[in-house]
Amino acid sequence: MYLPPQFAEPRVEELHRIVHENALGMLVTHGAAGLGAEHLPFLLDVDADGSTRLLAHVARANPVWQTFGEGAPVMVVFRGVQGYISPSWYPGKQETHRRVPTWNYEVVHAHGSLHVRDDDEKFLRGLLARLTRQHEADLPQPWKMGDAPPDFLAEILQHIVGIEVRVQRLECKRKLSQHHAAEDRAGAISGLEGRGNEGLARAMRETGPALQGPV
């Protein structure tokens, strides 16, 4: 990924936040048939020693878990807030007209190795329980695995396979107009708020300007 220094996010906690808040990752693989991509909800799992795994499950009918050998190199992409930035929002445009449209965004790339957890019911039950708790937590009546009949749940488990990506490297790009003048950044933030994109506006507001460099 092209990563100019002013857009690089080195804080691990910010990378983890983006992954946690945007759990649907794109698993990118490369095999004999070329590039492949699977879109899966991942659970971020960080051990006390800092080692990181991304846990997910796929349908047993999905060939991805059988196509690649144990430890095959893969990448998982997580996209955070994003949106179009109009040059009309920049006060500087009115002065020189030397402004162009752009797109601001946050993205995390997780590079690692793929490992299959076939016929590991304990792993699958634990994964599904944790995923459920994470995504049901803010609902008025959270669903839990115990709500399903045991025989039905056992049948469902027979049709899925667990996978884990053992993360070797994380990189994050937060392109949030850090290289623009303060008044232009403020104009873009106001424009985003006017269009209801509060998430991107907040990210830009919380990210200060950076030293000038290549964009």
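Residues numbered from 1 in each chain as written. Predicted model: local features only at pLDDT ≥ 70, side-chain atom pairs only at ≥ 80, totals over all residues. Heavy atoms only, no water.

Peer 1: Help me understand the overall build of the protein chain in this model?
Peer 2: When you go through the protein chain residue by residue, the secondary structure sums to seven helices and seven strands. When its helices and strands are written in sequence order, the protein chain yields α-β-β-β-β-α-β-α-β-α-α-β-α-α. Its C-alpha atoms give the protein chain principal-axis dimensions of roughly 70 × 45 × 35 Å. Relative to all contacts within the protein chain whose residues are 6 or more apart in sequence, the contacts with residues 24 or more apart total 75%. Of the roughly 11900 Å² of accessible surface on the protein chain, a fraction of 55% belongs to carbon and sulfur atoms. When the 23 basic and 27 acidic side-chain charges of the protein chain are each reduced to a single mean position, those positions are 6 Å apart. (Helix = DSSP H or I, 4+ residues; strand = E, 2+ residues; numbered from the N terminus. Contact = heavy atoms within 4.5 Å. Areas by Shrake-Rupley, 256 points an atom, 1.4 Å probe, with all protein chains shown as cover. Lys, Arg positive; Asp, Glu negative; His and termini not counted. Charge placed at Lys NZ, Arg CZ, Asp CG, Glu CD.)

Peer 1: Which parts of the structure should I look at to understand the sheet that holds strand S2 (residues 34-41)?
Peer 2: Paired through backbone hydrogen bonds, the strands of a sheet run either parallel or antiparallel to each other. Spatially, S2-S1-S5-S6-S7-S4-S3 is the arrangement adopted by the seven strands of the open sheet, whose pairing is antiparallel. Edge positions in the open sheet fall to S2 and strand S3 (43-46), since each of these has one partner strand only. This sheet shows a mean twist of 35° between the axes of neighbouring strands, independent of strand direction. Note that strand S1 (residues 24-31) and strand S5 (residues 72-85) share three bridges and pair antiparallel. Note that in S5 the partner of Met 26 across the bridge is Val 77. Its contacts with the sheet place helix H1 (residues 12-21) against S3, strand S4 (52-59), S5, strand S6 (102-117) and strand S7 (160-175), and it is angled at close to 125° to S7. (Pairing = 2+ DSSP bridges. Axes fitted to C-alpha atoms, helices over the stretch in contact; angles between N-to-C directions.)

Peer 1: Sorry if this is basic, but what is going on with the confidence of the model for the protein chain here?
Peer 2: If pLDDT is low for a region, its predicted coordinates should not be looked at in detail. Summing up the model confidence of the protein chain, the mean pLDDT is 92 and the portion of residues at 70 or higher is 95%. Across the protein chain, element-level confidence peaks in S5 with a mean pLDDT of 98 and bottoms out in helix H3 (residues 91-96) with 71. (pLDDT = per-residue confidence, 0-100.)

Peer 1: Looking at this structure, how should I read unusual backbone geometry?
Peer 2: Peptide bonds are mostly trans, and most non-glycine residues show a negative phi. One non-glycine residue, Asp 119, adopts positive backbone phi at about 55°. Tracing the backbone shows Asp 119 in the loop between S6 and helix H4 (121-136). Classification of Asp 119 by relative accessible area gives exposed; the value is 68%. Non-glycine residue Ser 177 carries a positive phi angle of around 60°. Mapped onto the elements, Ser 177 comes out in the loop between S7 and helix H6 (182-194). By relative accessible area, which is 1% here, Ser 177 ends up buried. (Buried < 20%, exposed > 50% of the residue type's maximum accessible area, 1.4 Å probe, protein only.)

Peer 1: Even after reading the chapter, I still don't get the environment of Gln 134, so can you show me in this structure?
Peer 2: Within the secondary structure, Gln 134 sits in helix H4. Measuring from C-alpha to C-alpha, the distance between Gln 134 and Gly 162 comes to 18 Å, with 28 residues separating the pair along the chain.

Peer 1: Could you clarify how one ought to interpret the packing of aromatic side chains in this entry?
Peer 2: Given two aromatic rings, their pairing is described by the distance between the two centres and the angle made by the two planes. Going through the model one piece at a time under the given rule, you end up with two aromatic pairs. Plain terms: the ring middles of Phe 42 and Phe 78 are 5.9 Å apart, the flat faces sit at 75° to each other, and that makes the pair edge-to-face. On the criterion of sequence distance, the pair formed by Phe 42 in the loop between S2 and S3 and Phe 78 in strand S5 is long-range, its members being 36 residues apart. No difference in accessibility class separates Phe 42 from Phe 78, as the two residues are buried. Between Tyr 84 and Trp 103, the ring centres sit 6.0 Å apart and the planes meet at 65°, which makes this aromatic pair edge-to-face. (Phe/Tyr/Trp six-rings, centres within 6.5 Å; stacked < 30°, edge-to-face > 60°.)

Peer 1: Can you help me understand the nonpolar core in this one?
Peer 2: As a rule of thumb, soluble globular proteins bury nonpolar side chains together. Judged by nonpolar contacts, the single largest core of 24 residues is most densely connected at Leu 27, Phe 42, Leu 54, Val 76 and Val 165. In terms of residue count, the dominant contributor to this core is S7 (five residues). With sequence-adjacent residues up to four places away left out, Phe 42 is seen in contact with Ala 23, Gly 25, Leu 27, Leu 54, Leu 55, Ala 56, Val 76, Phe 78, Leu 131 and Val 165. With 12 residues, the next largest nonpolar core counts Leu 128, Leu 131, Met 145 and Leu 157 among its residues. (Core = buried A, V, L, I, M, F, W, Y, C linked by side-chain atoms within 4.5 Å.)

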